[in-house]
Amino acid sequence: MSHTRIVNKRKEVGLTTSYDSWRSEHCMSHPTTLIRPSERDSSGAAIAVHVLRPDAVEDALAGLNALQSGFARSRAFAGEAGQTALLPDDDGSIAAVLMGVGTEAMDLEREMRVGQLSSSLPTGEYALASLPDDFSARLTTVAWGMGSYRFTRYLKDAREPALLVVGDTVDIDGARAAVTATGLGRDLINTPAGDMGPIALAEAARDLAREHGAEYSEIVGDDLLEQNYPMIHAVGRAAHEAPRLVELEWGDDSHPRLAIIGKGITFDTGGVNMKGASGARLMKKDMGGAAHALALASMIMAAKLPIRLHCLLAIAENAVSANAYRPGDILPSRTGLTVEIDNTDAEGRLVLGDALCKATESNPALMIDFATLTGAARVALGPQLPPFFTNRDALHEPVSEHCMRELDPVWPMPLWQPYRAMLRSPIADMKNAGGRFAGAVTAALFLERFVADTPWMHFDVYGWNPAARAGHPKGADVYAVRGLFSWLAAGGLNTPMES
Ligand code: BES
Ligand code: MN
Ligand code: ZN
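Quick summary incoming for the structure in this document. (Residues numbered from 1 in each chain as written. Chains lettered and ligands numbered in written order. Predicted model: local features only at pLDDT ≥ 70, side-chain atom pairs only at ≥ 80, totals over all residues. Heavy atoms only, no water.)

Considering the arrangement of structural elements, one finds Glu111 in the loop between strand S4 (94-100) and helix H5 (115-120). A relative accessible area of 2% means that Glu111 is categorised as buried. Polar contacts involving the side chain of Glu111 include one to the side chain of Arg110, which spans 3.2 Å. A distance of 2.8 Å separates a polar atom in the side chain of Glu111 from the backbone nitrogen of Ser136. Among residues more than four places away in sequence, those in contact with Glu111 are Asp134, Phe135, Ser136, Leu139, Thr140, Ala143 and Leu407. (Helix = DSSP H or I, 4+ residues; strand = E, 2+ residues; numbered from the N terminus. Buried < 20%, exposed > 50% of the residue type's maximum accessible area, 1.4 Å probe, protein only. Polar contact = N/O pair within 3.5 Å; in protein donor to acceptor, adjacent residues only side chain to side chain. Contact = heavy atoms within 4.5 Å.)

And the structure:
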């Protein structure tokens, strides 16, 4: 059988569809707003920030001069969640900042609330002077950094950000690594598909590999067929830039092996089963899984965790053209299973299937995949709470706990085996979409067919904040990565994972 050859048509046709020259002058950067005392600009004291619960307000006011406590009282500052007061010095400059965090028993934002200060305070150098007893200075510091994120690639932000001077009781390198990883993921997701196609996404992975001394490799275009990744090829073959499987390898062979896999659909038109206007509007974020995978990989490599890392990105644009795959087509796959295409918009599970299968071949202790896989996950849990699925029940609790503690919550959902029936095809091993029910579960069950019995977790992330929250600006966002890092750093790979 012969295949239409995929090459980079940009060269063939001589048309430019992406503004490369413009891009190189406006590259992304991750200015960190967390600084050490030795990195300060001014020599005076940093502006004190007091983070207060209501019952601590009286004591805090008693420690201020009459002008400042009078100022706070006249503005009815009571330490309620979200309340802030900027207290004046005699000369009118800012002497201190009060911020309330309330007492709500169900408050899940906690330290993250401080993330709202970094984007709202005037330019300057600040320091955390007091925190509620049960607050972690580390998490508060991370929140500051996460809250100061802005996507400045196309719209310059003239304002210098507010800086937090971090004392030496806090691990500033760890906090910066979390902020940098989150910023990297957000930048990749926010960048529109016209500037973040398969080539640019692979370049971003190569840059990260270089930064940390990881080995980089990629399999591009028709080589995917030769090397047996038929589903990645089929999904991406109609696009202007060829599909590819990108791999990063890092760490010592003597350490337990972890595979991190990401869905890298740089734009999801839906294919022949094309999305409508509202469905397509945000689909630049459909490479969010790859962005998450790189974010977690960057934290692991920055911290030099004792892990042998294998990161796989399944990169393709789900486009429409004369050579696009079609509903009803039957695809071979790397595992050997045949897949009948019920819907070309269920493309993420196809590219992931081949990548997951490849990851199993080196027998990792665990595989973690991230994917903006289903709208159904959002219907079930909304944009803030990614569901996760695992074929090892022992992972539910420790992973949920670490994520909650990092204010990076996730929620377990079941691999409900009876629903495998929804993926039955009369003429192939399976089809790629179930019916109207349990869409996030059937998508996860589809992936499960490609992991053999390797321990595995799957995160169905949204990658986007529809509205700004403390520490989470509107737009692209990264979930579960800080929580998973915390679990891995605490030796999570040593959890007994017999099936
Ligand atoms: N990338 C989408 C899933 C998605 C849509 C995530 C909206 C977040 C927001 C995925 O490729 C998709 O289109 N899934 C379909 C699957 C269906 C055809 C079985 C979906 O969820 O509708
Ligand atoms: Mn789709
Ligand atoms: Zn998709």
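What follows is about the sheet that holds strand S16 (residues 430-431). The strand order S11-S12-S16 describes an open sheet built from three strands, whose pairing is mixed. On the outer flanks of this sheet lie strand S11 (330-331) and S16, each paired with one strand and no other. Across two bridges, the pairing between strand S12 (residues 339-340) and S16 is parallel. Along S16, the bridge assignment pairs Val339 with Met430. (Pairing = 2+ DSSP bridges.)

Perfect tetrahedral coordination of a metal by four donors corresponds to 109.5 degrees between them, and perfect octahedral coordination by six donors corresponds to 90 or 180 degrees. Taken together, Lys263 (NZ), Asp268 (OD), Asp286 (OD) and Glu347 (OE) make up the protein donors of the zinc ion (ligand 3), found 2.0 to 2.4 Å from the metal. The motif formed by the donor residues of the zinc ion (ligand 3), counted along the single chain, is K-x4-D-x17-D-x60-E. Between the two metal centres, the zinc ion (ligand 3) and the manganese ion (ligand 2), the spacing is 3.2 Å, with Asp268 acting as a shared donor. You can see Asp268 sitting in strand S9 (residues 257-268) and its partner Glu347 sitting in the loop between S12 and helix H13 (348-360), a full 79 residues away along the chain. You can call Asp268 buried: its relative accessible area is 3%. (Donors = N, O, S within 2.8 Å, 3.2 Å for Na, K, Ca; no water.)

What links the strands of a sheet is backbone hydrogen bonding, and the strands pair in either a parallel or an antiparallel sense. Pairing in this open sheet of eight strands is mixed, and the strands run S7-S8-S10-S9-S13-S17-S14-S15 from one edge to the other. Looking along the sheet, the strands with just one partner apiece sit at the ends: strand S7 (215-220) and strand S15 (411-412). Both S9 and strand S10 (residues 308-318) contribute to a ladder of 10 bridges, which runs parallel. Its bridge partner being in S10, Ile261 is matched across the sheet by Leu312. Helix H16 (residues 439-448) rests against strand S13 (366-371), strand S14 (387-390) and strand S17 (456-460) of the sheet, and its axis sits at about 145 degrees to S17. Where helix H17 (residues 481-489) meets the sheet, its contacts fall on S9, S13 and S17, and the angle it forms with S13 comes to roughly 170 degrees. (Axes fitted to C-alpha atoms, helices over the stretch in contact; angles between N-to-C directions.)

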